[in-house]
Amino acid sequence: MASNPASGSTYGANEEINPGPISLHSESEPAPTTKSLARLCSRDDRERAAALEELSQGVLHRLKLDRRGPERLSKQTLLHLLRLSKSCPLLEVRARATELLWKAQDQGVMVPRALASGPSAFIPAKEILREGPNQDSFVESFLSLGRVDHITMVMAMHPAYLRCFLKTQHALFELDGPLPRHWRHYIAVMAAARHHCSYMVQQHSTGFLEAGGEESWLSGLEHAPTKLRSLQTLNKLLAHRPWLITQEHIQELVCPGADPRWSLAELIHAVVLMAHAHSLCSFVWGCGLNPEPDHTGGYTFQPQSPAHLPQSPHSPAHEDGRQELVDGAMEVEVLMKRMVELQQQQEEEEEEECTQEEMVTRFERERSESIPTAVVTGAPPDLLLHLVEEPEFRYEDFAPRGEQAPPTMRAQDYSWEDHGFSLVNRLLPDMGQLLDEKFQIVSNLTYHRMAMHEGVDTHTLRKALWNYIHCLYGIRYDDYDYGSVNVLLERSLKVFVKTMACHPEQTTVRVYHNFWRHFKHSEKVHANLIVIEARLQAALLYTLRAITHYMR
């Protein structure tokens, strides 16, 4: 055979381009194959074994038929097998799927191969897929959701967070709530398209179709109901400039004269869905996630050319590794020293408090600091363009130099703990609790280590990261000294954080590798989690404040 159909590789030269998201309902399948694919997720070992045998027999039966192309094995079946061969955590299923692809290829069927060697273009696959505690998370995800996606694989580096994240996401999209399931996924599609995130658009397009959504909606916003389209203004503001959201935006959607009218419960559900999707786009781009093996851009039917294996455009270039190690080690030592000095300084200042005016000055200095990041000028990819209204509307600095800034949101005036939590819980029962758990876990998550050092208290560093992101969004804590941000966050880290939080689609491998060069990838993923949760909370706070003002 020419190539291993299930083997990973870097991006191939002849990538197959498809017109849109994969539809799970576009091709007819023999019933045994469809049922056996679903039953592979059974928690009963015997039923799972029977389903695997049924799947194998169904595929082998089709291969014996004297037919050509998709009449023997449909593209969708082949992509299911490819996904199972690449990412199923159950060895027997993974091995059987690989074997079936080999047999299909032996029979003259063109089989797909994955274009990437792992979940991330930034993080080596061996760092993510190592055996150990993560395997339990992968198995649980497969049995619950039917797949282990790249988001789950990377988040599993932090199992406590992953468990809470999956529980919250399940409640948002699957449990009883004011919005129909297919609407929830379509709202996520609309939100992800704002950040040009084809990964998320394809994930939720599949969920939308599985929930019974009409395929025509995915061909353009004009085919969706007017009520969903009325979210577009809120969607773009939440994604790019949430501080501009006012009670008038809420009134247009929920007041008695609005047509179509949203209930407050429906609107809260939609807002949390959009903010969740926007922040998750930051994670996808910030971790350099590759397309799933069965997504457009994640596979090809072209044979691999041994003579031409180009490097992925997202892959890190090989640089002078020795110098990188020396410089990275020095950065860690400098940061450790600064953390100790800052702690001592704060203890001394407890006796001699800073004036409020000085605290505000330090916040304003941090907020208006010029951090160069790439500016989005191009339109979204063709795959997403029909799902974006006003694509030219992008992030702008909260306080551009020389311009009048919007009023700062003082956390003491409107906070998640005192205001947002109870409002969400009242209008969308239990969701406030789930979000709060997630915020708490990411804020307190620590392994008491930093790069090569053990027994380190990283609280001040984690807090500086969280408050810096809120600072970018114009949120100020009166009791926090923003001078700490400049001490603890070096410039390359600020570039990464601002890019990921404000226009994640511009995150590159250079931006990722330039910060914390001696830290483990799991520590960089930890930083990513802080960014997405701080961004999510900031966007929610502005919207919830507007809803609170409307309700008065």
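Quick notes on the rules
Residues numbered from 1 in each chain as written. Predicted model: local features only at pLDDT ≥ 70, side-chain atom pairs only at ≥ 80, totals over all residues. Heavy atoms only, no water. Helix = DSSP H or I, 4+ residues; strand = E, 2+ residues; numbered from the N terminus. Buried < 20%, exposed > 50% of the residue type's maximum accessible area, 1.4 Å probe, protein only. Contact = heavy atoms within 4.5 Å. Areas by Shrake-Rupley, 256 points an atom, 1.4 Å probe, with all protein chains shown as cover. Arc of directions from axis to C-beta. Axes fitted to C-alpha atoms, helices over the stretch in contact; angles between N-to-C directions. Parallel < 35°, antiparallel > 145°, perpendicular 65-115°, else oblique. Left-handed = near helix turned anticlockwise from the far one by under 90°. Nonpolar A, V, L, I, M, F, W, Y, C, P; charged D, E, K, R; others polar.

Colleague: Residue-level account of the overall build of the protein, with values.
Modeller: From N to C terminus, the protein includes 24 helices and six strands. Within the protein, the proportion of its 552 residues that are buried is 55%. Sequence separation of at least 24 residues holds for 77% of the intrachain contacts in the protein that already meet a minimum separation of 6. As displayed, the protein has an accessible area near 24,100 Å², and 50% of this comes from carbon and sulfur atoms.

Colleague: Help me get a handle on helix α13 (residues 247–254), residues and values and all.
Modeller: Regarding α13, the residues found buried are I250, L253 and V254. Buried positions in α13, seen along its axis, are confined to an arc of 80° and lie on one side of it. Elements that come into contact with the buried residues of α13 comprise α12 (232–240), α14 (264–286) and α24 (521–551).

Colleague: Explain the side chain of S56 to me, using residue names and the numbers behind them.
Modeller: Mapped onto the fold, S56 is located in helix α2 (residues 45–64). We classify S56 as buried; its relative accessible area is 3%. Excluding anything up to four places from it in sequence, S56 contacts R96 and L100.

Colleague: Tell me what's going on with the packing of helix α20 (residues 459–472) against helix α22 (residues 491–502), and back it up with residues and numbers.
Modeller: Two numbers describe a pair of packed helices, the interaxial angle and the distance between the axes. Closest axis-to-axis distance for the α20/α22 pair is 11 Å, and the angle between their directions is 55°. When the axes of α20 and α22 are compared, the pair comes out oblique. As for the relative orientation of α20 and α22, their crossing is right-handed in sense. Between α20, through L465, Y468, I469 and L472, and α22, the contact on the second element is made entirely by L493, K494, V497, K498, A501 and C502. Considered class by class, the residues forming the contact of α20 with α22 number eight nonpolar, no polar and two charged.

The quantities given are spatial measurements derived from coordinates; they are silent on function.
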